[in-house]
Amino acid sequence: MDLNSPNDITVDQYWKTESDAQAGVNSIYAMFYKDGLWARWIYFRLDLTSDEGYSVSPWTELADWTRFNYINYNFWEGNAVTWRDTYKAIFRCNQVLANVPNITFQNEDDKKKIIAQAKFFRALHYYYAGVIWEDVPLVLDPSTPADLPKQVKVDEIWAQVEKDLNEAFEDLPRDWSADQLGRPDKGAAKAFLAKVYMQQHKWNEAKGALEFLISGAGAKYSLVSNYRDNFTDTNENNAESVFEIQFGDQRKGGTDEAQNASSF
């Protein structure tokens, strides 16, 4: 027997209204607060494999990262949980990109902005997947539990990131209103394009992307007089900030790292 739970909203029931679309894109932002991503573990992964990374810790996996030794692929704290949350974020982006184009909006520009945000974030998460793991599965449609996506070369990941960011740039605004603080704008798209270009040693392309922020139509940024202002909680979203995750007490939660964690 095929029975539908009256307590669950199915995909067929959802993705009908503008509010559905807005809630869908907002769910992508919620992934920043997951332990595998920007609430905790991705910092370890990136910092320990940077020039700043050094460890004599008895925690073998963390110390190994500073030596670029990746032996335990099942290491939960800094590998499996980051992989899980990365692809959960990508799934949410793909849901928006697959369903929002079919929703009728009163203002077509509002629809374009939602789709552009989803493309920006899919690019962002694939960028870090490429930096951390290089060759990874490229999933561009909402996945199902039975899917077995194939691994692709990192060059294909970079190409998709470039495509998503260039398309997002076209429909993202130069500025958001104050009540929309924390959403990516055209400057954020160009800045991330520069990052992915530099990963590929495309220096001229990176220079062109950054010129938009420095001397082009997006030149609204400047250096702060005290560089320490970039590292305190009292000077957030300052003149140097291109894209900033909005952490706050209203988003406090536990650190449930269990594999079946389902909280937003």
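On a predicted model such as this, the values are computed, not experimentally measured, just so you know. (Residues numbered from 1 in each chain as written. Predicted model: local features only at pLDDT ≥ 70, side-chain atom pairs only at ≥ 80, totals over all residues. Heavy atoms only, no water.)

Enquirer: Before we go on, may I ask you to explain unusual backbone geometry in this structure?
Expert: Leaving glycine out, the prevailing phi sign among residues is negative, and the prevailing peptide bond configuration is trans. You will see that Trp15, though not glycine, has its phi angle at about 55°, which is positive. Relative to the helices and strands, Trp15 resides in the segment before helix 1 (18-30). By relative accessible area, which is 11% here, Trp15 ends up buried. Despite not being glycine, His201 shows a phi value in the positive range, around 60°. (Helix = DSSP H or I, 4+ residues; strand = E, 2+ residues; numbered from the N terminus. Buried < 20%, exposed > 50% of the residue type's maximum accessible area, 1.4 Å probe, protein only.)

Enquirer: Explain the confidence of the model for the protein to me, please; I cannot follow it from the model alone.
Expert: Should the pLDDT be low somewhere, the predicted coordinates at that spot are not to be read in detail. Mean pLDDT over the protein stands at 89; residues scoring 70 or higher make up 91%. Per-element mean pLDDT across the protein ranges from 85 in helix 3 (residues 60-65) up to 98 in helix 6 (residues 154-171). Across residues 259-264, confidence stays below pLDDT 50; counting only partners more than four residues off in sequence or on other chains, it has nine contacts. (pLDDT = per-residue confidence, 0-100. Contact = heavy atoms within 4.5 Å.)

Enquirer: Explain helix 6 to me, please; I cannot follow it from the model alone.
Expert: The periodicity of an α-helix, 3.6 residues per turn, causes residues three or four places apart in sequence to face the same way. Over its 18 residues, helix 6 runs 26 Å from end to end, which matches the ideal 26 Å to within 8%, given 1.5 Å per residue. Where the residues of helix 6 are buried, they touch helix 5 (108-133), strand 1 (136-137), strand 2 (151-152), helix 7 (186-199) and helix 8 (203-214). (Expected span 1.5 Å × (residues − 1).)

Enquirer: It is not clear to me how the pattern of salt bridges should be interpreted in this structure. Could you clarify?
Expert: Side chains that carry opposite charge are capable of pairing whenever their charged atoms lie near each other. For the coordinates displayed, the defined rule picks out twelve salt bridges. In this structure, Arg122 engages Asp164 in a salt bridge whose closest nitrogen and oxygen atoms are separated by 2.8 Å. Taken as a pair, Arg122 in helix 5 and Asp164 in helix 6 lie far apart in primary sequence, 42 residues in all. When sorted by exposure, Arg122 lands in the same class as Asp164, which is buried. In this structure, the salt-bridge partner of Lys207 is Glu211, at a minimum N-O distance of 2.5 Å. On the criterion of helical spacing, the pair formed by Lys207 and Glu211 is a turn pair, its members being four residues apart in helix 8. Each of Arg174, Asp175, Asp185 and Lys220 takes part in salt bridges that share partners, so that together they form one network. (Salt bridge = Lys/Arg side-chain N within 4 Å of Asp/Glu carboxyl O.)

Enquirer: I would appreciate a short explanation of the packing of helix 1 against helix 5 in the present structure.
Expert: Axis angle and axis distance: for two packed helices, these are the angle between their axes and the distance between the axes, and together they describe the pair. Where helix 1 meets helix 5, the closest approach of the two axes is 10 Å, and the angle between their N-to-C directions is 20°. Classed by the angle they form, the pair helix 1 and helix 5 counts as roughly parallel. For the crossing formed where helix 1 meets helix 5, the hand is left-handed. Residues Ala21, Gln22, Val25, Ile28 and Tyr29 of helix 1 form the contact with helix 5, whose own contacting residues are Ile114, Gln117, Ala118 and Phe121. (Axes fitted to C-alpha atoms, helices over the stretch in contact; angles between N-to-C directions. Parallel < 35°, antiparallel > 145°, perpendicular 65-115°, else oblique. Left-handed = near helix turned anticlockwise from the far one by under 90°.)

Enquirer: Would you take a moment to explain the environment of Asp135 for this structure?
Expert: Relative to the elements of secondary structure, Asp135 occurs in the loop between helix 5 and strand 1. Taking relative accessible area as the criterion, Asp135 reaches 22% and is therefore assigned partly exposed. Once residues within four sequence positions are removed from consideration, Asp135 is found in contact with Gln151, Val152, Lys153 and Val154.

Enquirer: How do you make sense of the packing of aromatic side chains when you look at a structure like this?
Expert: A ring pair, where both rings are aromatic, is described by two values, the distance of the centres and the angle of the planes. Taken as a whole and assessed by the stated rule, the structure comprises 23 aromatic pairs. Arranged with centres 5.0 Å apart and planes meeting at 45°, the rings of Trp83 and Tyr87 form a pair that is tilted. Separated by four residues within a single helix, Trp83 and Tyr87 lie in helix 4 (residues 76-99), roughly one turn from each other. Here Trp83 falls in the partly exposed class, since its relative accessible area comes to 34%. Between Tyr87 and Tyr126 the ring centres are 6.2 Å apart and the planes differ by 85°, which places this aromatic pair in the edge-to-face class. Highlighted residues: Tyr87 in helix 4 and Tyr126 in helix 5, separated in sequence by 39 residues. Each member of the pair, Tyr87 together with Tyr126, is buried. Taken together through their ring pairs, the aromatic side chains of Tyr29, Phe32, Trp38, Tyr43, Phe120, Phe121, Tyr127, Tyr128, Trp158, Phe192 and Phe243 make up a single cluster. The ring of Trp65 has Arg45 lying over it, and the distance from NZ or CZ to the ring centre is 4.7 Å. Its end group placed over the ring of Trp176, Lys113 keeps NZ or CZ at 5.6 Å from the ring centre. (Phe/Tyr/Trp six-rings, centres within 6.5 Å; stacked < 30°, edge-to-face > 60°. Lys NZ or Arg CZ within 6 Å of the ring centre and 35° of its normal.)

Enquirer: How do you make sense of the layout of surface pockets when you look at a structure like this?
Expert: If a probe the size of a water molecule is rolled over the atoms, the empty space left behind becomes visible. Roughly 610 Å³ of volume is contained in the largest pocket. If you go around the largest pocket, you meet 23 residues; those closest to its centre are Asn230, Glu240, Ser241, Val242 and Phe243. Residues of the lining of the largest pocket, tallied by class, amount to twelve nonpolar, seven polar and four charged. The calculated volume of the second largest pocket comes to roughly 520 Å³. Lining the second largest pocket are 19 residues, and of these Trp38, Tyr128, Phe192, Phe243 and Ile245 sit closest to its centre. Secondary-structure elements contributing two or more residues to the lining of the second largest pocket are helix 2 (41-48), helix 5 and helix 7. The class makeup of the residues in the lining of the second largest pocket is 15 nonpolar, one polar and three charged. (1 Å grid on protein atoms, 1.4 Å probe; cavity = no way out; pocket = protein on both sides within 12 Å on 5 of 7 lines; lining within 4 Å. Points joined across faces, edges and corners; volume = space filled by probe spheres on them. Nonpolar A, V, L, I, M, F, W, Y, C, P; charged D, E, K, R; others polar.)

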